[in-house]
Amino acid sequence: MIKHLLSKTFFFLFLLSPICFIHAQQTFPQNGVYDQRDGLYAFTNATIYVSYQQKLEEASLLIKKGKVLAVGQQIDIPKDAVVLDLKGKVIYPSFIDLYTNYGLPKVEIKPFSWAEGPQTLSKKKGAYSWNQSLNPEYSAHEHFTVDDKSAGELRKLGFGSVMSHLMDGISRGSGTVVALGKDKEHLSLLKMRGAHYLSFRKGSSKQSYPSSLMGAIALLRQTYYDGLWYSQHGYKEERNISLEAWNEAKELPQIFAVRNRLEALRALRIAQEFQLNYIIKGSGDEYQRLEEFQKANTTFILPINFPATYDVEDPYDASTVTLAQLKHWELAPSNPARLAKAGLDFTLTTDGLKKKSDFWKNLRKAVQHGLTESDALKALTHTPAKLSNMLDQLGSLEKGKLANFIICSKSIFEKDSKIHHNWIQGKAHIIKPLKSPLPEGIYQLSIQDDNYSLHLSNQKSGQPKLHIQLNDSTAIKVKSSWKGEFLNFSFKLDEAQEAPIRLSGIPAAEGWSGNGSLASGQWVNWKARRTGPLPAEEKEKKEKKEEEATPKTGEVIYPFVAFGWTEAPKQQTVLIKNATVWTNEADGILNNTDVLLEKGKISKVGQNLNTRGATVIDGTGKHLTCGIIDEHSHIAISRGVNEGTQASSAEVSIGDVVDSEDIDIYRQLAGGVTTSQLLHGSANPIGGQSAIIKLRWGYTPEQMKFEGAAPFIKFALGENVKQSNWGDRYNKRFPQTRMGVEQVFEDYFTRAKEYGEKIRSDRKTRRDLDLEAVLEIVEGKRFISCHSYQQGEINMLMKVAERHGFTVNTFTHILEGYKVADKMAKHGAGGSTFSDWWAYKYEVIDAIPYNAAIMHNQGVLTAINSDDAEMARRLNQEAAKAVMYGDVPEEDAWKFVTLNPAKLLHIDDQVGSIKVGKDADVVIWSDNPLSIYAKAEMTFIDGIKFFDREEDVKMQAEVLKERTRLINKSLADKKSGKATQSVKGRKPHHYHCDDIHDEMAH
């Protein structure tokens, strides 16, 4: 019997080994005798998931030559098939990962150092793109090599195929679909070009451009337009390998990798502009802007690298971890379930996991947080096959598809489920050997003439739980372990026994037998025969199973930081009674006056107003003004305020990188600010396009933008643009002198005019986003806000503008404006200045605190701006300094931060004063708004209350309560032994004009 079982076992082990040569490479010579077997296997009596939708019980799977021949409950098994009885086992289609770099060369990305100096053009030799971060010509299949070690990691998790690509650059070229077997590349390559991969990261490129996220977006947009031009006309003028590859790649699925949910929204805007469908490789925080993705019907590749518990045992560490970090730790596992509930398609990836082995632990955690097993299985099989256009070969076990499947001990979603085999292209990869069935029950164990009662139960993790029950009711623990198809077990009948009895054998259904040694070392035969079931109490104990309920979690808040809301504040009809109203109109300041806000507008201004259904606010003793408008701000910007790598970056736009999650938005609402112009920095003469936003806290970046606002662009003069303080290596980019700055303007305005004439007369002209924006300036369609200090340069730019027939809209900073105020007034330029900043660098040594007053008295439209996230919360006090230093009347000083910046921004028809018909952007102050004691008590935008000081006190208590709950939960997790991570607090970065960090390498 033992001899028969052993021969059968080794026969199966041979057949299941990867040493078989079915569907071998026909173009390769074979060394030795050819193996002509066709790999005909029948897997019977299994639970088979033909697809995520179709499950068959007691079914069979028949494969031949690496493909599925048949699957069903009643199929004929050929006589020459190798049959594996898989009773009690479960078969699934092997899984697919669309986001890997399997089998490709590793990319080394070194930290960027400004000390290295600029690199303006690509160093890649050949007729390729001008920018080294664009590599559409890269074809992963040309570089792919089989890597059995890496493949083995993925096979253990149940993956049978992946899409692999170069994880480097903005355009990463085409990915290739490969099987995870051990065959040569010729058989492993399933599809040479599976998808085009993109990102917002320039990766290993040392080229200076782009150094900001807005630069990366502009580069992508320009490349799409270049590709269109090249396909229609450009190919006749030049040969560009990269653009040809770019156009070819547009026919492939487009996979776009992002860092967070806001970057996903930015990618979708590009897709919408160019009528593309991006598959977004997400970051795991998509649930935080789920409604927007639902509207766009976005498809995702989701990581499941859920954050580990924060170690907050140290109270100082606990004080630095942010609420956003704590909430994401708790809510991240629910991300897949939330997307599935929203009806969005997604796949799952191992990318981002520090240890690939954590994949199933995390996926089961996602199931525990509401993801259905069906949706999880769909995300691992059908959806990735569909997205890679591989449904004819992968994703299910239908006839004709590749024989890629896994054999599991039970449902893969159960905690102790094991993957035994992973069959790829009809070849077995043994993860854990298949064990013969061990029915639970009581066995009579016979060793020579001695008999024992052996109880077998609770096969957890494939290991049977054994004990010997003696007559005196004493239970003796039996140690057991599998070795191949053999079960080894040992025990001592009493503690005095020097050595254990050690037995080994092959289990069978009703009895098993083998050989072993006694404590004395004597070699013996043994056998075990099942005599009956386990006692009822033992069986009941085994079957008892605790079901973990879906964990209770906090709510998603908008934005996903402290003081976010769970429900959006609503527009209401509001009547503010008996306030002192600063109208900024001819009526001046009105005492004991009512203001009615209706449908987002100022509806009525007067006394004794009454409106049914209005929310009434008593304004007695309070002051009511329009909202403060900050002409020069750098809050709410993501990944770089400057694209200063070229003399002109007019193609970039702050509007592409608005950060709706910046806590400074809320803080500035608390200071009465309702509108801000977000400006590019001052690193180059012609900077980027600005964004004018309303501080609609909790809204998306697009929803924050001021509807219909005039377009602006940032210009700059002085030390920054000629790179005075950038270091000795920064002596290559033009300009290097103030004279050179003038020539940049002359050159660009001249070229822009020529460009305008050309595009109007010649349809073959390449669209140039840089010159297009400059042309808008010359044509009066876009306005300049120019960083400026020194009077000579201010004069220079006004003269250049006059030569080209337009007016400089605003000189910002303008700390020597008092010297040329008469010339500015004549030219028609406005000035937006600091109240009393001076001597922070030599360029501003002549600045004086009377600047605003002098410009105002000379007829210059004057404003006071912040250029600083902290100062913006106190712009009312900055305006008051004009009263103190320059004896400016209070009403005029108040206009410096309200009506005047509204006029400079060309939005004064909508905001900037309390006037019927204007937007209901109003602030209720506790005192005269120019007083240092005044506090903004309520701030409304479009009639929606976005800040309330009394509610803020309650929210602070709620934030503390939520933090305390999450910290206690973290402490409990650590105590229970769960993995932890150290706290890394996130200090918000406040951008300033001269910040020139490279934000794009990582």
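All figures in this text were calculated on a predicted structure; none of them were measured in a lab.

## Some remarks on the overall build of the protein
Here comes step 1: A count of helices and strands for the protein gives 25 helices and 43 strands.
Here comes step 2: Across its three principal axes, the protein shows a C-alpha extent of roughly 115 × 70 × 50 Å.
Here comes step 3: When burial is assessed residue by residue, the protein has 57% of its 1002 residues classed as buried.
Here comes step 4: In the protein, the proportion of contacts linking residues at least 24 apart, taken out of those at least 6 apart, comes to 68%.

## Structural notes on the pairing of strand β41 (residues 936-941)
Looking along a regular strand, one sees the side chains alternate between the two faces of the sheet.
Here comes step 1: Burial within β41 is extensive, with five of its six residues counted as buried.
Here comes step 2: Across four bridges, strand β40 (residues 922-925) lies against β41 in antiparallel orientation. Note that in β41 the partner of Val923 across the bridge is Thr939.
Here comes step 3: Pairing between β41 and strand β42 (residues 944-948): four bridges, direction antiparallel. Within the sheet, the bridge partner assigned to Met938 lies in β42 and is Asp948.
Here comes step 4: What sits between the antiparallel neighbours β41 and β42 is a turn of two residues, in which Asp942 has the positive phi angle 55°.

## Observations concerning the packing of helix α17 (residues 738-761) against helix α19 (residues 791-803)
Here comes step 1: Viewed as axis vectors pointing N to C, α17 and α19 meet at an angle of 15°, and their least axial separation amounts to 11 Å. Between α17 and α19, the crossing angle belongs to the class labelled roughly parallel. α19 is crossed by α17, and the crossing has right-handed handedness. Contacts from Arg738, Val741, Glu742, Phe745, Glu746, Phe749 and Lys753 in α17 reach Glu793, Met796, Leu797, Val800 and Arg803 in α19.
Here comes step 2: When grouped by side-chain class, the residues that make up the contact of α17 with α19 number six nonpolar, no polar and six charged.

## Topic: a positive patch on the surface
Here comes step 1: On the surface, Lys465, Lys477, Lys479 and Lys492 cluster together into a positively charged patch.
Here comes step 2: Tracing the backbone shows Lys465 in strand β20 (residues 463-469).
Here comes step 3: Lys465 sits in the partly exposed class, given a relative accessible area of 48%.

## Examining the sheet that holds strand β39 (residues 862-864)
Here comes step 1: Strand order in this open sheet of six strands is β33-β35-β36-β37-β38-β39, and the pairing throughout is mixed. Every interior strand has two partners, whereas the edge strands, β33 (686-689) and β39, have only one. Neighbour-to-neighbour, the strand axes of this sheet turn through a mean angle of 25°, independent of strand direction.
Here comes step 2: Bridge analysis of strand β35 (residues 712-716) against strand β36 (residues 783-788) gives five bridges, and the strand direction is parallel. Each bridged residue has a counterpart across the sheet, and for Lys714 the counterpart in β36 is Ser785.
Here comes step 3: Across the sheet, α17 touches β33 and β35, and the angle it forms with β35 is around 145°.

## Some points on the packing of aromatic side chains
Aromatic rings considered in pairs are described by the distance between their centres and by the relative angle of their planes.
Here comes step 1: Evaluated as defined, the whole model comprises 40 aromatic pairs.
Here comes step 2: Look at Tyr287 and Phe560: their rings are 5.8 Å apart centre to centre, the planes differ by 85°, and that puts the pair in the edge-to-face class. With Tyr287 in the loop between β11 (278-281) and α7 (290-296) and Phe560 in the loop between α14 (536-543) and β26 (574-582), this pair connects stretches of sequence that are 273 residues apart.
Here comes step 3: Classification of Tyr287 by relative accessible area gives buried; the value is 1%.
Here comes step 4: Relative to Phe745, the ring of Phe715 has its centre 5.2 Å away and its plane inclined at 10°; by these criteria the two rings are stacked. On the criterion of sequence distance, the pair formed by Phe715 in strand β35 and Phe745 in helix α17 is long-range, its members being 30 residues apart. Summarising the burial analysis for this pair, Phe715 and Phe745 share the class buried.

## Overview of the environment of Trp582
Here comes step 1: Here Trp582 is to be found in strand β26.
Here comes step 2: On the basis of relative accessible area, Trp582 is assigned to the buried category, the value being 2%.
Here comes step 3: Expressed as a C-alpha distance, the spacing of Trp582 and Ser357, which sit 225 residues apart in the sequence, is 65 Å.
Here comes step 4: Residues contacting Trp582, with those up to four places away along its chain left out, are Gly588, Ile589, His623, Leu624, Thr625, Glu890, Glu891, Trp894, Ile914, Asn928, Pro929 and Leu930.
Here comes step 5: Within the structure, Trp582 has its side chain in polar contact with the side chain of His623 (distance 3.0 Å).

## A few points about unusual backbone geometry
Here comes step 1: Here the amide bond leading from Tyr209 into Pro210 is cis, since omega sits at -5°, within 30 degrees of zero.
Here comes step 2: Looking along the chain, the bond that leaves Tyr558 and enters Pro559 is cis, with omega of -10°.
Here comes step 3: Of note, Pro559 is situated in the loop between α14 and β26.
Here comes step 4: Positive phi, close to 50°, is recorded for Asn297, a residue that is not glycine.
Here comes step 5: On the accessibility criterion, Asn297 (55% relative accessible area) is exposed.
Here comes step 6: Positive phi outside glycine occurs at Asn592, with the angle close to 50°.

## Section: the environment of Glu958
Here comes step 1: Tracing the backbone through its elements, the reader meets Glu958 in helix α25 (residues 949-975).
Here comes step 2: Along the backbone, Glu958 and Ala562 are 396 residues apart, and their C-alpha atoms lie at a distance of 9.5 Å.

## Observations regarding the nonpolar core
Here comes step 1: Phe200, Tyr278, Trp360, Leu363 and Trp697 are the most contacted members of the largest nonpolar core, which totals 162 residues.
Here comes step 2: Per-element accounting of this core gives the leading share, nine residues, to helix α4 (residues 213-232).
Here comes step 3: Counting residues in each nonpolar core, the second largest holds 39 residues, with Ile713, Ile794, Phe806 and Phe811 among its members.

## Description of the side chain of Lys202
Here comes step 1: Position of Lys202 relative to the elements: it lies in the loop between β9 (189-199) and α4.
Here comes step 2: Looking at Lys202, the relative accessible area reads 1%, which means it is buried.
Here comes step 3: A distance of 3.1 Å separates the side chain of Lys202 from the backbone oxygen of Ser208, its partner in a polar contact.

## Description of the sheet that holds strand β31 (residues 628-633)
By definition, the strands of a sheet pair up through backbone hydrogen bonds, in either a parallel or an antiparallel sense.
Here comes step 1: Taken in spatial order, the three strands line up as β31-β32-β34 in an open sheet, and their pairing is mixed. The open sheet has two free edges, formed respectively by β31 and β34 (691-694), since each of these has just one partner strand. Taking the axes of each pair of neighbouring strands and ignoring which way they run, one obtains an average angle of 20° across the sheet.
Here comes step 2: In the sheet, strand β32 (residues 673-678) pairs with β34 via four bridges, with the strands oriented antiparallel. Within β34, the position partnered with Thr675 by the bridge is Lys694.

Calculation criteria
Residues numbered from 1 in each chain as written. Predicted model: local features only at pLDDT ≥ 70, side-chain atom pairs only at ≥ 80, totals over all residues. Heavy atoms only, no water. Helix = DSSP H or I, 4+ residues; strand = E, 2+ residues; numbered from the N terminus. Buried < 20%, exposed > 50% of the residue type's maximum accessible area, 1.4 Å probe, protein only. Contact = heavy atoms within 4.5 Å. Pairing = 2+ DSSP bridges. Axes fitted to C-alpha atoms, helices over the stretch in contact; angles between N-to-C directions. Parallel < 35°, antiparallel > 145°, perpendicular 65-115°, else oblique. Left-handed = near helix turned anticlockwise from the far one by under 90°. Nonpolar A, V, L, I, M, F, W, Y, C, P; charged D, E, K, R; others polar. Patch = residues over 30% accessible without salt bridge, like charges linked within 9 Å, V, L, I, M, F, W, Y side chains within 5 Å. Areas by Shrake-Rupley, 256 points an atom, 1.4 Å probe, with all protein chains shown as cover. Salt bridge = Lys/Arg side-chain N within 4 Å of Asp/Glu carboxyl O. Lys, Arg positive; Asp, Glu negative; His and termini not counted. Charge placed at Lys NZ, Arg CZ, Asp CG, Glu CD. Phe/Tyr/Trp six-rings, centres within 6.5 Å; stacked < 30°, edge-to-face > 60°. Polar contact = N/O pair within 3.5 Å; in protein donor to acceptor, adjacent residues only side chain to side chain. Core = buried A, V, L, I, M, F, W, Y, C linked by side-chain atoms within 4.5 Å.

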